[in-house]
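Take a look at the letters that make up each chain.
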Amino acid sequence: QVQLVETGGGSVQAGGSLRLSCEASGRILSFNGMGWYRQAPGKQRELVAAISSGDTTYYSDDVKGRFTISRDNAKNTVYLQMNSLKPGDTAVYYCAFLGVRTDWGSPRDYWGQGTRVTVSS
């Protein structure tokens, strides 16, 4: 069984920075990618950043140039460095490990529990 634990959320003033971490426990044989999503109040969950197993990265237009996704394969951990934060970045942020293959069952996605980020003006 794979479980994801997120840390690093909190409150910050506009212009500040936060770093989110997401560590996966359990035996992971391979995966297709890792991603960070966010959901603001009253809005749908949206993809913010992603990194493939081949290290190709994707950023939404809203965060491009401000956020950086990275990973540490040895630690099964993905990070999201968020700089120049804006009030519009306020949301619950979720990490996901996508297309995970383990010793059991078919490949599937795993999700973190979410961590709240609040940016005040």
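Placed above this text is the structure.
Notes on the structure in this doc start here.

Definitions and limits used
Residues numbered from 1 in each chain as written. Predicted model: local features only at pLDDT ≥ 70, side-chain atom pairs only at ≥ 80, totals over all residues. Heavy atoms only, no water. Helix = DSSP H or I, 4+ residues; strand = E, 2+ residues; numbered from the N terminus. Buried < 20%, exposed > 50% of the residue type's maximum accessible area, 1.4 Å probe, protein only. Contact = heavy atoms within 4.5 Å. Lys, Arg positive; Asp, Glu negative; His and termini not counted. Salt bridge = Lys/Arg side-chain N within 4 Å of Asp/Glu carboxyl O. Polar contact = N/O pair within 3.5 Å; in protein donor to acceptor, adjacent residues only side chain to side chain. Pairing = 2+ DSSP bridges. Axes fitted to C-alpha atoms, helices over the stretch in contact; angles between N-to-C directions.

**As for the environment of Gly9**
Okay, step 1: Among the structural elements, Gly9 can be located in the loop between strand E1 (3-7) and strand E2 (10-13).
Okay, step 2: Relative accessible area serves as the criterion here: at 33%, Gly9 is assigned to the partly exposed category.
Okay, step 3: The spacing of Gly9 and Gln44 is 35 residues in sequence and 19 Å in space, taken between C-alpha atoms.
Okay, step 4: If we skip the residues at most four places from it in the chain, Gly9 touches Leu20, Thr115, Arg116 and Val117.

**Some words on the side chain of Glu6**
Okay, step 1: Checked against the element boundaries, Glu6 lands in strand E1.
Okay, step 2: It is Arg45 that comes nearest to the buried, bridge-free Glu6 among opposite-charge side chains, at 7.8 Å.
Okay, step 3: Within the local environment of Glu6, its side chain forms a polar contact with the backbone nitrogen of Cys95, the two atoms lying 2.9 Å apart.
Okay, step 4: Setting aside residues up to four positions removed in sequence, Glu6 forms contacts with Ser21, Cys22, Trp36, Tyr93, Tyr94, Cys95, Gly112, Gln113, Gly114 and Thr115.

**Focus on the sheet that holds strand E3 (residues 18-25)**
Okay, step 1: In spatial order, the strands read E1-E3-E8-E7; together these four strands make up an open sheet with antiparallel pairing. Edge positions in the sheet fall to E1 and strand E7 (67-72), since each has one partner strand and no second. Put simply, the sheet's adjacent strands are angled 15° from each other on average, direction ignored.
Okay, step 2: Of the pairings in the sheet, the one linking E7 to strand E8 (residues 77-82) comprises six bridges and is antiparallel in character. Note that in E8 the partner of Asp72 across the bridge is Thr77.

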